[in-house]
Amino acid sequence: MASVEGIERLQSFLDEVADLDLTPEDREWVQVDVATMLDGSEVLMHEVQPLTGAALLFLPLGVVLVEPTTRSVRQFPRTLLHLFIDDQRINTLAEGPLFRVELFSISPVDEQLCWLFECYLEEEVPAAQAAAARWMRWLNDV
């Protein structure tokens, strides 16, 4: 059974999705179907990709990946997740992002989790570092 705080965090996620520029069908799917499937789950925190509506919900023992456009919900156990951080700000010849945080799973390729936070501008790095800190605390919470 979810705590009051867990219910509030789930509602915060649903409120954030409600404000996204999704199709009415995608928004309703998250607001009704996903909310029903998460009923009683203890949501600790969440991340949302504003362009796609994809979301990562952190639960005590794993994460749930929600993808409205494909009507997909997948849960990954915490024991199969890894966090990699690549800081290329000192490498002036590096191509690609200046800073990259990747939370990923060891899973079959069609079922793999790969949640990225990539920064191409120096101003974006503090937000990525904050996300990395949240994810690392969650991964290491015993």
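Refer to the structure printed above.
Rules of the game
Residues numbered from 1 in each chain as written. Predicted model: local features only at pLDDT ≥ 70, side-chain atom pairs only at ≥ 80, totals over all residues. Heavy atoms only, no water. Pairing = 2+ DSSP bridges. Helix = DSSP H or I, 4+ residues; strand = E, 2+ residues; numbered from the N terminus. Axes fitted to C-alpha atoms, helices over the stretch in contact; angles between N-to-C directions. Phe/Tyr/Trp six-rings, centres within 6.5 Å; stacked < 30°, edge-to-face > 60°. Buried < 20%, exposed > 50% of the residue type's maximum accessible area, 1.4 Å probe, protein only. Contact = heavy atoms within 4.5 Å.

*Asks:* Got a sec to walk through the sheet that holds strand E6 (residues 99–105)? Specific residues and values, please.
*Replies:* The strands that make up a sheet pair up through hydrogen bonds in the backbone, lying either parallel or antiparallel. The three strands lie next to each other as E5-E6-E7, forming an open sheet whose pairing is antiparallel. Lying at the two open borders of the sheet, with one neighbouring strand each, are strand E5 (81–87) and strand E7 (114–119). Direction aside, the axes of adjacent strands within the sheet are offset by 10° on average. Pairing of E5 with E6 involves seven bridges; the strand directions are antiparallel. Residue pairing for E6: Leu81 is matched across the bridge by Ser105.

*Asks:* Before we move on, could you go through the packing of aromatic side chains and cite the residues and values that matter?
*Replies:* Aromatic ring pairs are described here by two measures, namely the spacing of the ring centres and the angle between the planes. Tallied over the entire structure, the rule returns two aromatic pairs. Ring geometry for Phe58 against Trp138: centres 5.0 Å apart, planes inclined by 80°, an arrangement best described as edge-to-face. Here the residue Phe58 occupies a position in strand E2 (residues 55–59), and Trp138 occupies one in helix H3 (residues 125–140), the gap between them amounting to 80 residues. For Phe58, a relative accessible area of 0% corresponds to the buried category. Under the relative-accessibility criterion, Trp138 is labelled buried at 5%.

*Asks:* Break down the pairing of strand E1 (residues 45–48) for me, with residues and values.
*Replies:* Side chains Met45 and Glu47 of E1 all project onto a buried face; the interleaved residues His46 and Val48 project onto the opposite face, where all are buried too. Taken together, the four bridges between E1 and E2 define a ladder with antiparallel strand orientation. Paired with His46 across the bridge in E2 is Leu57. Between the end of E1 and the start of E2, which pair antiparallel, lie six residues, with Gly53 showing a positive phi angle near 80°.

*Asks:* Please give an account of the sheet that holds strand E4 (residues 72–77) that cites residues and values.
*Replies:* As summarised here, the arrangement of the four strands in space is E1-E2-E3-E4, forming an open sheet in which the pairing is antiparallel. Since the sheet does not close on itself, it has two edges, and those belong to E1 and E4, each with one partner. The mean angle between the axes of side-by-side strands here comes to 15°, regardless of whether they run parallel or antiparallel. The pairing of E2 with strand E3 (residues 62–67) spans five bridges and is antiparallel. Residue pairing across strands places Leu57 opposite Val64, the latter belonging to E3. In this fold helix H1 (residues 4–18) packs onto E1 and E2, with an angle of close to 10° to the strand it touches most, E1. Contacts from H3 reach E1, E2 and E3, with the element oriented near 140° to E1.

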